[in-house]
Structure formats: structure tokens, C-alpha cells
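# Coordinates in review
Each chain, letter by letter, is given below.
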Amino acid sequence: MDQDLTTSSAAPPVDLPAGRRTSRVAGLGQYAGFIPALILYGVFFLVPLGLIVAYSFWTVVDYNVVHDWTLDNYHYFFSVPTYVRTMWATLWVSFAATAITLLIAFPFAYWLVRYVRRSLQGFFLILVVLPFWTSYLLRVYSWINILGEKGAINRFLLWTGVIDKPASFFLYDRPAVILVLVYLYFPFAALTLYASLERFDWNQFKAAMDLGAPPRTAITRIMIPQMKAGIVTAVIFVFIPILGEYLAPQLVGGARGVMIGNLIVNFFSGAQYTRGAAAALLIAVLIVILLVIFRKSLDVKDPYRA
Amino acid sequence: MSVTEGRLSRADLLKVGGAGALALSLGARPALGALSRSEATTLNMLTWSDHYANDQLAAVAKATGLRGRPTLFSDNADAYLKIKQTGSQFDVVSADGLWVPKYVKDGLTEPFDLSELPASKQLYSIARQFPFWKSGSNYMAYPFSWSTVQIYYNPKYVKTKPTSWHAILDKKYAGKISLENIPTDMMAIAGRATGAKNPYAMTTAEISRAKEYLKGLKPNVLKLASQNNEVVRALADESAWIGITNLGTDDRVKDAGGPTVKAAYPKEGTVGFIDSESIVKASKHKDVWEKFINTMEQAPWIAKNFLTNGRPLFNERAYKLLVNQGHGDRARRLLYNKPQLALKMTIKGPAGDQQAYTDAFNEVFGA
């Protein structure tokens, strides 16, 4: 077919042989389905991102963004210890919340896959995603009712006589923020780990134990290495959104539970767009670095490649 | 300024709502002839949630054919930038005190003849003469409500009335103060506490002193609330003993099932808001703005607004309605009959150096 086309006298006088051109058009055609995503990605992600980058190098004078290129916003951010401390605190909270979330989600997923009848697994998965049926705000607010001085925990402890006056330390501090973040992001980790464990070949696990490996060794040396991609995906789904969290620390963190997102909101509400853009971009850069690191962990060898 | 909770019994609502509907139907009768011309006209309002009620908007739409569609904002700077960036997208914008002249100066809103609005005759005369809203023979905005920002304290825990901003720095209040997360206003309050001449236009040295004050306050701060109702909740569940917040908080705390809290006015003075409605200069519906505002601002609606939101407004006829309906005590307690006091506080406005204010606040309240 190619031969016919290339030798045809009706072929247009172009540089490329017509056959190659046709196959190139066909090749481009396979990307047609990508065009809507490209437009969406370009208009709603790349363009705003470009604006954020530009804003971060500009300044605000009397509520007007002045297009004078400067590194002042970045210099300010790194020269004030509060921001560096808040960034570290944000990383620390994100790390702690992610670790706890995974530590709770893994045994849950393990129990669900290994011990629950397949017909019942769907029911438990629905229970996991059930909180998504209510709004994020409502879910965070409900924790104020649980952790507050007149909340459920204090009432229970008072009723049991464990305490004789309400304890105030459950709410408005970093532990409250971590607890609420764990609650909010548990479904993401649980579903990801469940999907990973569901495909695990339990015969390998049994074989390891048949050969004398205690359960702990079988888990750490047989199961977890094969779940690496699932675990890394769970970390991405939990750690990265937490880095940009604003509402949970605002509502349950109090003055001691501030994260970097809260300071960025203050910049924007005070019309300091350029300062806010610089701080937001620094978080974005951190996320990109983490994604590059995580991406390496997600590399899976192609079994069919020589 | 958003004040979202208030004490209002069902009977009160029916009583005032009924009176409102009656007055509206009578007051708007002359406008009904024009209904067919302006039917389906929507006025986009950039406002606070306590500036309207849904039943009020519905009644106004029915009576005038002008449908108010509110969009909410949190802070004046936020609204200012929205109006600046969206041009004719909005028709009505609400603004506090000295933000109003800034809108006009920057060509975003335009003054009008207040006397042409019949509803303006229901206002206290002082509200028709604020010097900072005068523009020749015109007025820059329609006066709506006002409130001081003061200290509310729970006498069960706070034995000595805090009559100074410095009294709340005492270590015995560690983690027991709740306040709204509005950096500019908190800096202005810190400015008043430290003797700044103009708390919304502080010098570098004054900003530095205000920042030191906030540093001293920080250990006592339980939470920086995103909404006024969070301050109310913290006072109601007694996790906070002190709140820095608007007039009427005592009622709202009671409504939330909380304890008695009392107001204290610091001797250094305080800040507060006088808010308003303005015409957006780029609006395509300027011709019907006056009719819309005139119908929205009728005394029965304003009386109802007071009962819902619990802070003084500038409509004198509404005060008289409240007195007649047996709410005089509450209205007087919340200074409704003393609009002149609104001029004694430092009126909210844009910061002289907004960046310096936000930077200082963030540097204190970061981790």
C-alpha cells in the first residue's frame, strides 16, 4: 500500500513521501483524544501557574500589582524565621499525619482483604467513603463538637469520673490538627492500599510461612516490597494535599496549630497577592521535588523487556 | 461586617416580618407601575451575609421586579479587589467606613444624592452627615449599620473587668482569648493599645510597637477565628474566657446556650465599623439602584435585621418600631439609640501600608 502511494504520479510534490505523511497524520490522530485534556490543562492549570510565577516576582503598592521584577518576596520569605519555622512545622505535621494514616490504613486494608468475605468487602469500602457524602467543612466542624470542652470526649471522661473538670488540651493545638487530618485522609490511604493488597498473591505469603518465616517477616520481606507502588501512591494522596491544608488547622488548630496555608490566606485576604504567590510557589516546588522522588519509587520494571 | 447569629423568637419574626410585608406592599405601591419595565432585572450585590435576608430579597423582587443576587466576601480588601477586577459584574457593593472614600477616589463607586432616596429620611440625621462620606452635595454611600469591636469577658473566670487592652496580656488568660482572623483590624487594635495616632496609617515605629503588643498577646490566643460565630462558640462552650468581637456578642453567646458574658470598653479606645451600600460605577443598572436600595432599607426590614443580627443600624424609624414592639431595652443596650458613638471609635479603613500590616501580623502568628 505504501509502495503504491509513493510511486503514484498523482502524489503531491512535497518533501515527504506521501506514505510517511499519511502515517504521520494517522500518528497525530491518535493524540486527538488528548486535545480536550490539553486545553483544560493549559487553560486552567498552566496559565494560572504561569501567572502565579509572574506574580511572585512582582510587588503590590496601594492594592495595585506593580510589574517590577524583583526577588523581594522570596528574600522576605527566607529572611523571616517565622516563615521558615512555619514551613518546617507544616512538613512535620504532614509527615506525622501521613505516617499515622498509613499505620491505621494498612492493618485495616490487610484485615479487609484477608479476613472479610469478598461479598462483604464492598460494604466496608462503602463505610470508608461514607464521610465523603457530607461536606468537608461539616466533617471538620464535627470534630470541634467531639474534642471541645463541652464535647463528647470531655463529657464521657467527666461521666466516668476520670476527670473532674473539662480538659482543654484535646482541641486547638497541633495534635488536634493531626488527628483531624488523619480522619480526613484515611479513606484515600485505605482505598489505595486495599487496591494494592487485593492483587497480592497470597500463595507467596503462605509459601514464606511454610518455609519458616514468622508472619512479621513474611509481611516485611514478601508483602510490603510488592506493595511498594501502592504505598507510595497512598503517601502521594495523603502527604501532598496535607501540605496545602488550610481549613483544618484554621478550625481545630487554634493559634498553636498554624500551618503555612494559613499565612498564605492572610496574604491573599490582605491583597498581598505577590507575597502569597511566592509562598504558594515555594510549596508547589516542594511538591514537585517530592513527586520526582516518589516517581522513582513508582518505576516498575517491564517484565516483557529484554 | 458579618454578624450572623442573634436572638429572635418565632413570634418576633412573624410580628416584624408581617409588619415588613405590609409596609413594603404599601411603600412599594407607586413603584409597581414600573414593574413591567424592570421585570427580571438582577442586581448583583457584593455584600456581607447580615446585610439582607432571603425573604427580604424575595419580597423586594416581588414588589419592584428587582432581584438582588448576593455574593459574599470576607474582608474589605477582598471586595475592593473583586470590584476592581470585575468591572460591571456587580451593581451594589458593601463597604466599611474609610474604604468608601477609597472606592470613590479610585473610580470604582460613585456618589449620589442621598436626599432623593425617600428611605434616607428614616435615617438618624447624623448618618446623613458623616464628613468622610460627603462628596460636594452628594453622598458616597447609603449608611447601614455600625459596631465597635470590644472585649467580651466571662465574669465566672475573669474577675476583674478588663478596661485596658493591656489587661488581656495577663498570663492567667493563656490560651483563653478568641478573636477574628482579620490582620488589618487586629493590627489597628494593637495600634490603639500602644498609642498609635492613626491606627490604620501607622508609621514603621508604631507598627513595630503594635507587633510587640501582639507578640505579648499571642500566648493568650486560643484561636484566630475565620468567622464571628466561631468566637461566639468558643465563649459559649467556655473554651475561651475572653473574646475580641462586635456588639451583641453577649446575646449570641446566650443564644448558643452559653454563659453570661459582659462587654468591656478599653480606655485606650477601640476600632469599629460603619458599613454601607454603594453604587458600582461600572454597573449597568445604575438607573434602578435607588429604587432597589430604597425598598431594601425600609424600617420594618431593618428592625427585623436588628433582631436577627443584634448590632445597631442607622435607621431611626426602625428603632422606634423596635421600641413599639417591646424590644427597646435590647436596642438601647446595643446602643441603637446612640449613633453618635459610632464617631468616637477609630473607623475601619484601608491600611496605609497594607503589606507592612499583613507581614507584621503573619510574623507574630506564624509557627
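For the structure itself, look to the data block above.
All of the points below concern the structure found in this document. As the structure is a computational prediction, the values presented were derived from the model and not from experiment.

## Comments concerning the overall build of chain B
The helix and strand tally for chain B stands at 14 helices and 13 strands. Out of the 367 residues in chain B, the part that is buried amounts to 61%. In chain B, 78% of the contacts between residues at least 6 apart in sequence involve partners at least 24 apart.

## What about the pairing of strand 12 (residues 271-280) of chain B?
Residues and elements named next belong to chain B. Burial runs high along strand 12: 10 of the 10 residues are buried. Here strand 4 (residues 109-110) runs beside strand 12; their pairing, made up of two bridges, is antiparallel. In the strand pairing of strand 12, Thr109 is matched with Val280. With five bridges connecting them, strand 7 (residues 142-153) and strand 12 associate as antiparallel partners. Across the sheet, residue Ser147 finds its bridge partner in strand 12, namely Phe273. Bridge analysis of strand 12 against strand 13 (residues 346-347) gives two bridges, and the strand direction is parallel.

## What about a nonpolar patch on the surface?
Residue and element names in this part refer to chain A. Side chains of Leu120, Phe123, Ile126, Leu127, Leu130, Phe132, Trp133, Phe188 and Phe237 sit close together on the surface and give an oily, nonpolar patch of about 860 Å² of accessible area. A total of four residues in the nonpolar patch trace back to one element, the largest contributor, which is helix 6 (residues 118-129). You can see Leu127 is positioned in helix 6. For Leu127, a relative accessible area of 40% translates into the label partly exposed.

## Details of the pattern of salt bridges
The final tally for this structure, using the stated rule, is 21 salt bridges over all chains. Between Arg118 of chain A and Glu198 of chain A there is a salt bridge, with its nearest N and O atoms 2.6 Å apart. With Arg118 of chain A in helix 6 and Glu198 of chain A in helix 9 (residues 174-198), this pair connects stretches of sequence that are 80 residues apart. The salt bridge partner of Arg333 of chain B is Asp251 of chain B, with a shortest N-O separation of 3.2 Å. Linking Arg333 of chain B in helix 13 (residues 328-333) with Asp251 of chain B in helix 9 (residues 249-255), this pair joins segments that are 82 residues apart in sequence. Judged by its relative accessible area of 3%, Asp251 of chain B falls in the buried class.

## Side note on the packing of helix 7 (residues 136-147) of chain A against helix 8 (residues 152-160) of chain A
All names here are of chain A. Running from N to C, helix 7 and helix 8 cross one another at 20 degrees; their axes reach a closest spacing of 4 Å. Here helix 8 runs roughly parallel to helix 7, going by the angle between their axes. Mapping the contact onto sequence places Asn145, Ile146 and Leu147 in helix 7 and Ala152, Ile153 and Asn154 in helix 8. By residue class, the composition of the contact of helix 7 with helix 8 is four nonpolar, two polar and no charged.

## A short note on the pairing of strand 2 (residues 66-72) of chain B
Two faces belong to every sheet, and in a regular strand the side chains alternate between them. Residues and elements named next belong to chain B. In this structure, strand 1 (residues 41-47) lies alongside strand 2, joined through seven bridges in parallel fashion. Within the sheet, the bridge partner assigned to Thr41 lies in strand 2 and is Leu66. For the handedness criterion, the β-α-β arrangement of strand 1, helix 3 (residues 54-64) and strand 2 is classed as right-handed.

## Re the interface of chain B and chain A
Between chain B and chain A, the contact holds 38 residues from the first and 33 residues from the second. Interface area for chain B against chain A, summed over the two sides, is near 3100 Å², with a carbon-plus-sulfur share of 46%. A per-residue breakdown of the area chain B buries against chain A is headed by Arg233, Asn362 and Ala367 of chain B, which together make up 20% of the total. Linking chain B to chain A there are four salt bridges.

## Observations regarding the nonpolar core
In summary, soluble globular proteins display a tendency toward joint burial of nonpolar side chains. Counting residues in hydrophobic clusters, the biggest one holds 144 residues, and the most contacted among them are Ile274 and Phe292 of chain B. For this core, the leading source of residues is helix 9 of chain A, giving 14 residues. Counting 38 residues, the second largest nonpolar core, distinct from the first, contains Val149, Ile189, Met202 and Leu224 of chain B.

## A closer look at helix 8 (residues 228-236) of chain B
For helix 8 of chain B, the tally of buried residues reaches seven of nine residues, placing the bulk of the element in the interior. Along helix 8 of chain B, the residues that are buried comprise Asn228, Glu230, Val231, Val232, Ala234, Leu235 and Ala236 of chain B.

## Overview of the environment of Leu251 of chain A
All names here are of chain A. Take Leu251: it is sitting in helix 13 (residues 247-253). By relative accessible area, which is 1% here, Leu251 ends up buried. C-alpha of Leu251 to C-alpha of Tyr141: the two residues are 110 residues apart in sequence and 7.3 Å apart in space.

Cut-off values and rules
Residues numbered from 1 in each chain as written. Chains lettered and ligands numbered in written order. Predicted model: local features only at pLDDT ≥ 70, side-chain atom pairs only at ≥ 80, totals over all residues. Heavy atoms only, no water. Helix = DSSP H or I, 4+ residues; strand = E, 2+ residues; numbered from the N terminus. Buried < 20%, exposed > 50% of the residue type's maximum accessible area, 1.4 Å probe, protein only. Contact = heavy atoms within 4.5 Å. Pairing = 2+ DSSP bridges. Patch = residues over 30% accessible without salt bridge, like charges linked within 9 Å, V, L, I, M, F, W, Y side chains within 5 Å. Areas by Shrake-Rupley, 256 points an atom, 1.4 Å probe, with all protein chains shown as cover. Salt bridge = Lys/Arg side-chain N within 4 Å of Asp/Glu carboxyl O. Axes fitted to C-alpha atoms, helices over the stretch in contact; angles between N-to-C directions. Parallel < 35°, antiparallel > 145°, perpendicular 65-115°, else oblique. Nonpolar A, V, L, I, M, F, W, Y, C, P; charged D, E, K, R; others polar. Right-handed = clockwise from strand over helix to strand, strands pointing away. Buried area = accessible area lost by both parts, 1.4 Å probe. Core = buried A, V, L, I, M, F, W, Y, C linked by side-chain atoms within 4.5 Å.

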